[in-house]
Structures are given as structure tokens and as C-alpha cells.
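# Commentary on secondary and tertiary structure
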Amino acid sequence: NGYMHLNFLPYSAYPSVQEYEAQMNDWLSVNAAAGYPQEYLMYDLYPYPDNNNKTMNRVGFFTNMEAVRKVGLANNIKTGNYLQTMRIEGSYRMPTASEVRYEAMCGMAYGFKQFSYFTWMQPDERHCEAFRDAIIGIDGKITNHALYNSIAALNDEIHNLGATLIKLDAHEVYLNGQLWGQKAISSEFFAQATDNKDFTISYLRH
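Calculation criteria
Residues numbered from 1 in each chain as written. Predicted model: local features only at pLDDT ≥ 70, side-chain atom pairs only at ≥ 80, totals over all residues. Heavy atoms only, no water. Salt bridge = Lys/Arg side-chain N within 4 Å of Asp/Glu carboxyl O. Helix = DSSP H or I, 4+ residues; strand = E, 2+ residues; numbered from the N terminus. Buried < 20%, exposed > 50% of the residue type's maximum accessible area, 1.4 Å probe, protein only. Core = buried A, V, L, I, M, F, W, Y, C linked by side-chain atoms within 4.5 Å. Contact = heavy atoms within 4.5 Å. Axes fitted to C-alpha atoms, helices over the stretch in contact; angles between N-to-C directions. Left-handed = near helix turned anticlockwise from the far one by under 90°. Nonpolar A, V, L, I, M, F, W, Y, C, P; charged D, E, K, R; others polar. Parallel < 35°, antiparallel > 145°, perpendicular 65-115°, else oblique. Polar contact = N/O pair within 3.5 Å; in protein donor to acceptor, adjacent residues only side chain to side chain. Pairing = 2+ DSSP bridges.

A word on the pattern of salt bridges. Taken as a whole and assessed by the stated rule, the structure comprises eight salt bridges. The salt bridge partner of Lys113 is Asp169, with a shortest N-O separation of 4.0 Å. Here Asp169 lies in strand β7 (residues 169–176) and Lys113 lies in the loop between α3 (97–109) and β5 (114–118), a separation of 56 residues in the sequence. Overall, Lys113 belongs to the buried group, its relative accessible area being 17%. For Asp169, a relative accessible area of 32% gives the class partly exposed.

Given below as C-alpha cells:
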């Protein structure tokens, strides 16, 4: 009952977004030609860096989702990503429950069909990464009951929406307000904003 996939690095690991998309296209094409078509195109980009300002890397977050959305559509492949749910000292801070929900809801607006949590259960220490505060500790016990309950509620929301969204592809996605490098709502789009508040809008089609 598992899905085989290669977890791609974020687009910033490549010389350009275009080369990133080309690499994903090549991976999917080579596998399909060899008789091993991929069921999912997955990647990870963790948008909450370890800093004192509690910021979010929204430019990277939206740029990567848009690139994967386009490649998934072009290859008729379901897409997904990893949601940041833990802290790595010196690299990533611990997101709040509402920030995790924001990741997931934006992903669904971009047509993503699978989410994995990084991480659900805390990995053992590696010499180069100090993992902290995963949903389930390395001892198998809940580390933060408030976060655990929030993630459980989020999973319920995802599953309730999933029965409909699994059949839909995101053909157009726009941002309103701050664009973070993405497209504003087209003047020809059937829904128009009435103010400059920040939100994401997508056209999903069966």
C-alpha cells in the first residue's frame, strides 16, 4: 500500500526554475519509458527558517509549488509535498499549528494530492542535523498535545475535502495582494478581487 517516488530537492538547489522543471520532466519521462511510471511528483521545501523574526519564505514556497504544479499537469502526474512540522537547530524553526495548516491549504489550492509530514515521528540524531520537537518524539510519545490535536483536526479537514479534490487539477492559480513572485488575478478570470487583501485563488477542474 505504498507509493514509490523520488523526493526532489527545492528548486533553489538548481541553477534556475527552468532547469528544475526540466529535471523533473526528464525523471518522469525516463521512468514512464522504462515501464515504471511515477504515481506522484514530490519535493520538499521547508518555508519557516530558524530566525528570531518568525518569518516565512513565501517566495520560495509559492515558486516551488507553481513549478511542481506545472510539471504535474504536463505529465498527468499527481503532485504532493512535505509539510514542515518540526525544528532543526540552526536551519528551521518550529511552525505553529496555523502555519502548518497554511502550508496544507495552499498546497490543496495548487492541486496537490498528497502531504507528508516532516516529520511525524522524530528521527534519531544525525551528526549534521539536530532534530527537535517532532509531533511524535523518538520515544514514541506525543511531544506537544496541542500541536498533535491541531494536526489531527487538519487531517480531518484534508480528508473531508479530499474526496472532491482528488478528482480535480489546478489549471490556474493566482495570488491577490502581495504576489511573492506569482501571477496576479488575470483580468479575464471569472472571479475578481474587490480589495487588495492577501489570498490565493485557483481554478480546479475535473
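Here the narrative resumes, following the displayed structure.
The next thing to look at is the nonpolar core. Within the largest apolar cluster, 37 residues are counted, with the highest numbers of intra-cluster contacts made by Tyr20, Leu41, Tyr43 and Met65. When contributions to this core are tallied by element, the ones reaching two or more residues are α1 (17–33), β2 (40–43), α2 (58–75), α3, β5, α4 (145–165) and β7. With residues near it in sequence (within four places) discarded, Tyr43 still touches Asn7, Phe8, Leu9, Tyr20, Asn64, Met65, Val68, Gly80, Asn81, Tyr82 and Phe112. Counting nine residues, the second largest nonpolar core, distinct from the first, contains Met86, Ile88, Phe118 and Ala134.

Once that is clear, we can look at the packing of α1 against α2. The geometry of α1 relative to α2 is characterised by a closest axis approach of 10 Å and an angle of 35 degrees between their N-to-C directions. Crossing geometry of α1 relative to α2 is assigned as right-handed. From α1, Val17, Tyr20, Glu21, Met24, Asn25, Leu28 and Ser29 reach across to α2, where they touch Thr63, Asn64, Ala67, Val68, Lys70, Val71 and Asn75. Partitioning the contact of α1 with α2 into residue classes produces seven nonpolar, five polar and two charged.

Running from N to C, α2 and α3 point in directions that differ by 30 degrees, and their axes come no closer than 11 Å. As the angle between them shows, α2 and α3 are arranged roughly parallel. Classified by chirality, the crossing of α3 by α2 is right-handed. Side by side, α2 and α3 meet where Arg58, Phe61, Phe62 and Met65 of the first sit next to Tyr102, Glu103, Cys106 and Gly107 of the second.

Let us now look at the side chain of Gln38. Here Gln38 shows up in the loop between α1 and β2. The buried category is assigned to Gln38, whose relative accessible area is 5%. Of note is the side chain of Gln38, whose polar atom sits 3.3 Å from the side chain of Asn31. Residues contacting Gln38, with those up to four places away along its chain left out, are Met4, His5, Leu6, Trp27, Leu28, Asn31 and Ile77.

What follows deals with the sheet that holds β5. Taken in spatial order, the four strands line up as β1-β2-β3-β5 in an open sheet, and their pairing is parallel. Since the sheet does not close on itself, it has two edges, and those belong to β1 (7–8) and β5, each with one partner.

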